[in-house]
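Listed below, chain by chain, are the residues.
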Amino acid sequence: MGYAEVADVRFWYETHGSGRPLVLLHGGFGAVETFAAIRPALAQRRQVISVDLPGHGRTADVDRPMRYESMADDVAAFIGHLGRGPVDVLGFSLGGGVGLRLAVQHRHLLRRLVVVSAPCRRQGWFPEVLAGMPEPDEAAGERMTGIPAYELYRQVAPRPDDWPKLWARTGELLRREYDWSAEVAALTTPTLLVFADADSIRPAHMVEFFGLLGGGHRDAGWDGADRPDARLAVLPGLTHYDIVDSPALPAVVLPFLTHTLNTPV
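Notes on the structure in this doc start here. Keep in mind that what you see is a predicted model, and the values were worked out from it rather than measured.

## Details of the nonpolar core
Residues Phe 78, Val 98, Leu 100 and Phe 209 are the most contacted members of the largest nonpolar core, which totals 58 residues. At seven residues, helix H2 (residues 68-82) tops the list of elements feeding residues into this core. Filtering out sequence-adjacent residues up to four positions away, Val 98 remains in contact with Leu 25, Leu 53, Tyr 68, Met 71, Ala 72 and Val 75.

## Observations regarding the sheet that holds strand E3 (residues 21-25)
With respect to topology, eight strands assemble into an open sheet ordered E1-E2-E4-E3-E5-E6-E7-E8, the strand pairing being mixed. With one partner strand each, in any of the chains shown, strand E1 (2-6) and strand E8 (231-239) form the two edges of the open sheet. Across this sheet, the average inter-strand angle for adjacent strands is 25 degrees, counted without regard to direction. Bridge count for strand E7 (residues 191-198) against E8 is six bridges, and the pairing is parallel. In the sheet register, Leu 192 faces E8, and the bridge partner there is Arg 231. Across the sheet, helix H9 (residues 203-212) is in contact with strand E6 (110-116), E7 and E8; its angle to E7 comes to roughly 170 degrees. Those strands touched by helix H10 (residues 248-258) are E3, strand E5 (87-92), E6, E7 and E8, and its axis lies near 155 degrees from that of E6.

## What about the pattern of salt bridges?
As a working rule, side chains carrying opposite charge can pair if their charged atoms are close by. In the structure shown here, the tally under the stated rule is 17 salt bridges. Between Arg 39 and Glu 14 there is a salt bridge, with its nearest N and O atoms 3.7 Å apart. Of this pair, Arg 39 sits in helix H1 (residues 39-43) while Glu 14 sits in strand E2 (residues 9-16), and the two are 25 residues apart along the sequence. Each member of the pair, Arg 39 as well as Glu 14, is classed as buried.

## Considerations on H9
Each α-helix turn comprises 3.6 residues. Residues three or four places apart therefore point the same way. Looking at H9, one finds that the buried residues are His 205, Met 206, Phe 209, Phe 210 and Gly 211. Tucked into the core, H9 has its buried residues touching helix H3 (94-105), E6, helix H8 (181-185), E7 and E8. Gly 214 occupies a position one or two residues after H9 and carries a positive phi of about 100 degrees.

## Some words on the packing of aromatic side chains
All chains considered together, the criterion is met by 11 aromatic pairs. One aromatic cluster is present, built from ring pairs that chain together Phe 29, Tyr 150, Tyr 153, Trp 163 and Trp 167. Cation over ring: Arg 112 sits above Phe 256, and NZ or CZ is 5.9 Å from the ring centre.

## Some thoughts on the pairing of E6
Working note: regular strand, side chains alternate between the two faces of the sheet. With seven of its seven residues buried, E6 lies for the most part within the structure. For E5 and E6, the ladder comprises six bridges, and the chain directions are parallel. Paired with Val 89 across the two strands is Leu 113, which belongs to E6. Between the parallel elements E5 and E6, the chain passes through H3 in a crossover that is right-handed. Note that E6 and E7 share four bridges and pair parallel. Considered in E7, the bridge of Val 116 is made with Val 194.

## Re H3
The end-to-end C-alpha distance of H3 is 16 Å, a good match for the 16 Å that 12 residues give at a rise of 1.5 Å each. Of all 12 residues in H3, 10 are buried, a share of seventy percent or more.

## Some remarks on the environment of Arg 122
Assignment of secondary structure puts Arg 122 in the loop between E6 and helix H4 (127-131). Assessed through its relative accessible area of 7%, Arg 122 is described here as buried. For the pair Arg 122 and Ile 201, spaced 79 residues apart in sequence, the C-alpha separation works out to 9.7 Å. For Arg 122, the contacting residues outside a window of four places in its chain are Leu 130, Met 133, Leu 174, Arg 175, Arg 176, Glu 177 and Tyr 178. A distance of 3.0 Å separates polar atoms of two side chains, one belonging to Arg 122 and the other to Glu 177.

## Overview of the pairing of strand E4 (residues 47-51)
Burial runs high along E4: five of the five residues are buried. Alternating residues of E4 divide into Gln 47, Ile 49 and Val 51 and Val 48 and Ser 50, and every residue in both groups is buried. Across five bridges, E3 lies against E4 in parallel orientation. Residue Val 23 lies in a different strand from E4, and its bridge partner there is Ile 49.

Scoring rules and cut-offs
Residues numbered from 1 in each chain as written. Predicted model: local features only at pLDDT ≥ 70, side-chain atom pairs only at ≥ 80, totals over all residues. Heavy atoms only, no water. Core = buried A, V, L, I, M, F, W, Y, C linked by side-chain atoms within 4.5 Å. Buried < 20%, exposed > 50% of the residue type's maximum accessible area, 1.4 Å probe, protein only. Helix = DSSP H or I, 4+ residues; strand = E, 2+ residues; numbered from the N terminus. Contact = heavy atoms within 4.5 Å. Pairing = 2+ DSSP bridges. Axes fitted to C-alpha atoms, helices over the stretch in contact; angles between N-to-C directions. Salt bridge = Lys/Arg side-chain N within 4 Å of Asp/Glu carboxyl O. Phe/Tyr/Trp six-rings, centres within 6.5 Å; stacked < 30°, edge-to-face > 60°. Lys NZ or Arg CZ within 6 Å of the ring centre and 35° of its normal. Right-handed = clockwise from strand over helix to strand, strands pointing away. Expected span 1.5 Å × (residues − 1). Polar contact = N/O pair within 3.5 Å; in protein donor to acceptor, adjacent residues only side chain to side chain.

Now the structure itself:
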């Protein structure tokens, strides 16, 4: 564990296990601790590289707006700095959006991608989730110092007083409209989509997202020859808020990372 100096970002990252590298990208207001419950299972089969995204955890904020696209560029530079590409990537929620942009913008760095509880367009979230997204207001962040995410940030951030700034930047990011459908439809990176059956993402969007990746258009045939390289998993009895703590997640992720594809890459 330690820091990697990459351009203007000083990334905190931790490495566990050995084997083919798997990079983990946490959700909004999270840190490497997001994956504490499932990391041991993943590290039994992979070299797991957990990284704090810019402005999160132990990675200090950089003086620019927070965007999925720029964070994907930052993570690409981080992977290049480690000299470990191509890698597998698992991103959760906000980190799933970053992972998706990484596949769009830096295809050569990815072997396989796992997107957990994240849409490919903003309207994939339930309306009440969209309405409840953080306000892009530092004063609002100052009023949110009692939540668990703040407690973690206060303990590990190099500049704990930056919490209101993180709140506002994240709120501004999450309230921006986006629709990556066309870019997703053009992806060639083998991708697994994982959702909870009581997720913050609309089930109709889960199917739409899978369809853009080539899934759900035809019967696979008795021998599975027409099965797409994309995969879809909907995990029962879980929500957006506990899916990354469930042993069901590594149970579906690890087979996807190791199975033989119809189209070799």
